[in-house]
Amino acid sequence: MIRILHVKSNNSSETHDDLAKIPNFLADQKGFFWLDIFDEPIEKVTDLFTNIFKFHPLAIEDALVQMHVPKIDDWNEYVYIVLHSVTFDKSEDDLLGSHELDIFMGHNYLVTYHTEVFEAINLPWENAVRDERVYTQGVGGLLYKVLEEMATQFMHIIDRLDDLVETIEQEIFTRPDSSLLSLLFTTKRSLLTLRRILTPQREVVNKLARGDYEVVDPNDRSYYRDVYDHYVRLHDISESMRDLVGGALETYLSVVNNRMNDIMKTLTIITTFFMPISFVASFFGMNFFAPHDDLLVFTSPVSFAVTMAVIIGTPVFMFFWLRSRKWL
């Protein structure tokens, strides 16, 4: 899908998908346009970038090959920016999915290319079509809206991860099983993925806010600094959540160890109770206690009663003895 938002010199706008008009838009220095390319054939995109926009081959190659880390390259007449957005899906093995957005920003154009659906593109686009105040700041203002919406999406993802971590912390004391441990490691891995995205992406916004790029209007840098503050906060929150997950993992291991100690304690007590019984039973079951005239006393009813009293009384005595030692 290809869509174009053309803003004229009188601040009126129109939307269409006619690529044949792009050379005229490029030549118009009083107006500007936003070209959004979604899931188009690589050959078509390559021809558009090469023959119409005259982008550098290295920049085109980077844009068409997905999964670069967030970065910004200055090509004098335009800047090439790689950004990442994330999606949250608790049903997947990895909670977070990463999607790349490639941006070319020139003096009078903004080109966005992506192969996945981007809410950070769709929402600013719909707002720009509906309200002209969105694009009154020009190309830099449109880029700011995209960056701001991406920061908002990151905050939603972090809120959902925070809820997940809180649920894990509550279940540690009620359901410390292997599935919870697997979820803990998955959450920890997802937060590491989030950190790998937020750290370089924060630096990209910082360079836009403080770098000396020819196509970046100095008046727009204060807006980029505002977005940079959002990314700093997002990074700090994600780091705090990593500490929480690390603490939850240690708590989980502690709870499991305590439960194992309780189980071993119970088994040891049971074994201790039955040790004297086993001794008495095995002692009176030895072969030399076979019926014999001289040993009939050991098979009399009195001997049986004494033996049963010892068998029953010994664990009772040991129970109260262990209680007195405060081992129970």
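Anything mentioned here points back to the structure above.
Here is a short report on the structure shown in this document. In this text, all values refer to a predicted model and were calculated from it rather than measured experimentally.

### Some thoughts on the packing of helix H2 (residues 42-52) against helix H3 (residues 57-64)
- Look at H2 against H3: their axes get within 10 Å of each other, and the N-to-C directions meet at 150°. Classified by the angle their axes make, H2 and H3 are roughly antiparallel. Seen from above, H2 lies across H3 with right-handed handedness. Together, Ile42, Val45, Thr46, Phe49 and Thr50 of H2 and Ile60, Ala63 and Leu64 of H3 make up the contact between the two elements.
- Tallied by class, the residues present in the contact of H2 with H3 amount to six nonpolar, two polar and no charged.

### Section: the pairing of strand S3 (residues 32-38)
- Burial analysis of S3 places six of its seven residues in the buried class, which makes it a mostly covered element.
- The pairing of strand S1 (residues 2-7) with S3 spans six bridges and is antiparallel. Paired with Leu5 across the strands is Trp34, a residue of S3.
- Summarising the sheet, S3 and strand S7 (residues 109-114) pair through six bridges and their orientation is parallel. Its bridge partner lying in S7, Phe38 is registered against His114.

### Details of the pattern of salt bridges
- Counted according to the given criterion, the structure contains seven salt bridges.
- A salt bridge links Asp36 to Arg3; the nearest nitrogen and oxygen atoms lie 2.8 Å apart. With Asp36 in strand S3 and Arg3 in strand S1, this residue pair connects regions lying 33 residues apart in the sequence. A single burial state applies to Asp36 and to Arg3, both of which are buried.
- The salt bridge involving Lys44 is made with Glu40; its shortest N-O contact spans 3.5 Å.
- Overall, the relative accessible area of 15% leaves Glu40 in the buried class.
- Among the charged side chains, a network of salt bridges with common partners joins Asp62, Lys71 and Asp73.

### Describing the environment of Gly247
- Within the fold, Gly247 resides in helix H7 (residues 221-284).
- Each C-alpha atom of the pair Gly247 and Glu169 lies 9.4 Å from the other, and the pair is 78 residues apart in sequence.

### Here we look at the pairing of S7
- Within S7, six of the six residues are buried, which leaves the element mostly enclosed by the surrounding structure.
- In S7, alternate side chains face the same way, and those of Tyr109, Val111 and Tyr113 on one face and Leu110, Thr112 and His114 on the other are all buried.
- Pairing of strand S6 (residues 96-106) with S7, which is carried by four bridges, proceeds in the antiparallel orientation. Note that in S7 the partner of Asp102 across the bridge is Tyr113.
- In textbook terms, the turn of a hairpin is the stretch between consecutive antiparallel strands, and for S6 and S7 this stretch comprises two residues.

Thresholds, definitions, all that
- Residues numbered from 1 in each chain as written.
- Predicted model: local features only at pLDDT ≥ 70, side-chain atom pairs only at ≥ 80, totals over all residues.
- Heavy atoms only, no water.
- Axes fitted to C-alpha atoms, helices over the stretch in contact; angles between N-to-C directions.
- Helix = DSSP H or I, 4+ residues; strand = E, 2+ residues; numbered from the N terminus.
- Parallel < 35°, antiparallel > 145°, perpendicular 65-115°, else oblique.
- Left-handed = near helix turned anticlockwise from the far one by under 90°.
- Contact = heavy atoms within 4.5 Å.
- Nonpolar A, V, L, I, M, F, W, Y, C, P; charged D, E, K, R; others polar.
- Buried < 20%, exposed > 50% of the residue type's maximum accessible area, 1.4 Å probe, protein only.
- Pairing = 2+ DSSP bridges.
- Salt bridge = Lys/Arg side-chain N within 4 Å of Asp/Glu carboxyl O.

Shape descriptors only; they carry no functional weight alone.
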